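Chains, contacts and geometry: an overview
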Amino acid sequence: MANVRNTARPMSPHLSIWKWGPSMAVSITHRVTGSGMATVGTLLFVWWLVALASGPAAYGLFLDVFTVKSGALNVVGYVFGIGLTLSFFQHMCSGIRHLFLDQGANFELKANKTTAQLTYVAAIVLTAAFWAFIIWGKTNG
Amino acid sequence: MGNGTSIGRVRGLGPAKEGTHHWWHQRLTAGANLVLMVWFVVSVALLPTYDFETVRHWMGQTQVAVPLILLVASTFYHFRLGLQVVIEDYQHDETHIVLMILLNFFTLAAGTTAIFSILKIAFSAGAAL
C-alpha cells in the first residue's frame, strides 16, 4: 500500500519523505528567498547606506566591488543583483499568494498548483523587466 | 480575561498568554513592505545614474528619506519575525536561545546603522561634503 498514492489527495510538504510538487516548492522557496534577503540582502543594503553616508571614497569602494569602470555591472554585481532581485520578486509574488491563502482562499488542488507555478513565472518576468530597464531603458533618456 | 462566553473564560490562560501577534505583525508588515518595496525598486530603477552625487542627492530629499526609514523599520521587523520561525523550526534547546539573541542583536544593530546613515545623509543634504 505504501507506494500506492491517491493523486487526488494533497501531499505533505516534508522535504525528505515526499516527492517535489509546485505547492511545497513555493513554500520552501519563500523561506529560502526570505532568509537570503534577510542576511545577504540586509548586509549589502546596510553597506550601501553606510558607504553613501561616509563619502565618495567609501561609496567608490562599494561600486568597485560590483561594477567595472564604465559603470556597468561586473560578474559579482550580476550574481548579487539578479540573485537579490529574483529573490525579492519571488518572495513578493509568493507573499501575495500567501495573503489569499490566509483568507482560506485558493486551497482547491488545481488552483493552488496553478498559482504556485504562476509565482515563478511572474518573478522571472518582473526580474527580466527590471534588468532590461536598468540596462537598456536609459540609453534614450 | 472575560467571564461571559466560553472563549472569554479561557483566553490568555495558555502558557504563552497570547499567540496571534507574531502571525498578525508578519502580515501587517508584509502589506507595508509591498507598498514600500515597490516604491523603492521603481525609484532606484528610475535614477538616471548611480554615482555618488546622484544617489546622495536623491536620498537627501525628505520625500525619499522618510519612506526609506519606514522601509527599514518594516522590512527589518518582518525579517526578524520570519527568521524567528526558521530558527524555531530547526534549532532547539540552548542553540535556539543563542540564535534568537543573535538575531535580535543583528536586527537592532543593522536597523540602527541603516536609519542613522539615512538621517546623516538627509541632515547634511545641501551642505558641503
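Scroll up a little and you will see the structure.
Description of the structure in this document. Note that the coordinates shown come from a computational prediction; the quantities given were computed from them, not determined experimentally.

**What about the overall build of chain A?**
A count of helices and strands for chain A gives four helices and zero strands. Counting from the amino terminus, chain A carries its helices and strands in the arrangement α-α-α-α. The proportion of buried residues among the 141 residues of chain A is 37%. A separation of at least 24 residues holds for 57% of the contacts in chain A among residues at least 6 apart in sequence. For chain A, the computed accessible surface area is about 8500 Å², with 71% contributed by carbon and sulfur atoms.

**Quick notes on the nonpolar core**
One finds F45, W48 and L49 of chain A together with F40, W58 and M59 of chain B to be the most contacted residues of the largest nonpolar core, which totals 47 residues. No other element matches the 10 residues that helix 1 (residues 22–54) of chain A contributes to this core. With sequence-adjacent residues up to four places away left out, F40 of chain B is seen in contact with F45 and W48 of chain A together with W58, L68 and L71 of chain B.

**As for the pattern of salt bridges**
Here the idea is simple: oppositely charged side chains can pair when their charged atoms come close. With the rule as written, the count across this model stands at two salt bridges over all chains. A salt bridge links R27 of chain B to D102 of chain A, with the nearest nitrogen and oxygen atoms 2.7 Å apart. With R27 of chain B in helix 2 (residues 21–46) and D102 of chain A in helix 3 (residues 75–102), the pair connects residues from two separate chains.

**Comments concerning the interface of chain B and chain A**
Each partner contributes to the interface: chain B provides 38 residues, whereas chain A provides 30 residues. Buried area between chain B and chain A, summed over both chains or domains, comes out near 2700 Å², and the portion from carbon and sulfur atoms is 77%. Taken together, the links from chain B to chain A amount to two salt bridges. Taken together, the connections running from chain B to chain A amount to seven residue pairs in polar contact (both at pLDDT 80 or more). Secondary structure elements with two or more residues in the side of chain B that touches chain A: helix 2, helix 3 (52–60), helix 4 (62–90) and helix 5 (93–123) of chain B. A total of 11 residues in the side of chain B that touches chain A trace back to one element, the largest contributor, which is helix 4 of chain B. When its residues are assigned to classes, the side of chain B that touches chain A shows 30 nonpolar, three polar and five charged.

**Considerations on the packing of aromatic side chains**
When we look at a pair of aromatic rings, we describe it by the centre distance and by the angle of the planes. Under the definition given, this model contains 17 aromatic pairs over all chains. Three or more aromatic residues joined by ring pairs form one cluster here, namely F45 and W48 of chain A together with W39, F40, W58, F76, F79 and F106 of chain B.

**Points about helix 2 (residues 56–66) of chain A**
Listed in full, the buried residues belonging to helix 2 of chain A are Y59, F62 and F66 of chain A. Seen from one end, helix 2 of chain A has its buried residues packed into an arc of 55°, which puts them on one side. Opposite the packed face of helix 2 of chain A, turned more than 90 degrees from it, sit the exposed residues P56, A57 and L61 of chain A. On its buried face, helix 2 of chain A sits against helix 1 and helix 3 of chain A together with helix 3 of chain B.

Parameters and conventions
- Every chain is numbered independently, its residues counted from 1 as its sequence is written.
- As a convention, the first chain written is A and the first ligand written is 1, with the rest following in written order.
- pLDDT decides what is reported in this predicted model: residues at 70 or higher carry local features, side-chain atom pairs at 80 or more are listed and counted, and totals for whole chains, interfaces and linings draw on all residues regardless.
- Only heavy atoms go into the side-chain values, all of them from the structure, while hydrogens and water stay out.
- Strands are runs of DSSP state E lasting at least two residues, helices are runs of H or I lasting at least four, and both sets are numbered from the N terminus onward.
- Residue exposure (1.4 Å probe, protein chains only): buried if accessible area is under 20% of the type maximum, exposed if over 50%, otherwise partly exposed.
- What makes two residues a contact is simply this: any of their non-hydrogen atoms within 4.5 Å.
- The accessible surface values rely on the Shrake-Rupley method and a 1.4 Å probe; as for residues, cover is taken only from the protein chains in view.
- Here, nonpolar core refers to any group of buried Ala, Val, Leu, Ile, Met, Phe, Trp, Tyr and Cys residues whose side-chain atoms link them within 4.5 Å.
- Throughout this description, the term salt bridge denotes a Lys or Arg side-chain nitrogen within 4 Å of a carboxyl oxygen of Asp or Glu.
- Accessible-area loss on putting two parts together, using a 1.4 Å probe and summing over both, is the definition of buried area adopted here.
- Between N or O atoms, a polar contact is any pair within 3.5 Å; within protein, one atom must be a potential hydrogen donor and the other a potential acceptor, and residues adjacent in sequence are included only when both atoms are from side chains.
- Think of it as three bins: nonpolar holds Ala, Val, Leu, Ile, Met, Phe, Trp, Tyr, Cys and Pro, charged holds Asp, Glu, Lys and Arg, and polar takes everything else, Gly as well.
- Here is the rule: rings of Phe, Tyr and Trp (six-membered ring for Trp) pair when centre to centre is within 6.5 Å. Planes less than 30 degrees apart are stacked, more than 60 are edge-to-face, and the remainder are tilted.
- Note that the arc is computed from the directions linking the helix axis to the C-beta atoms.

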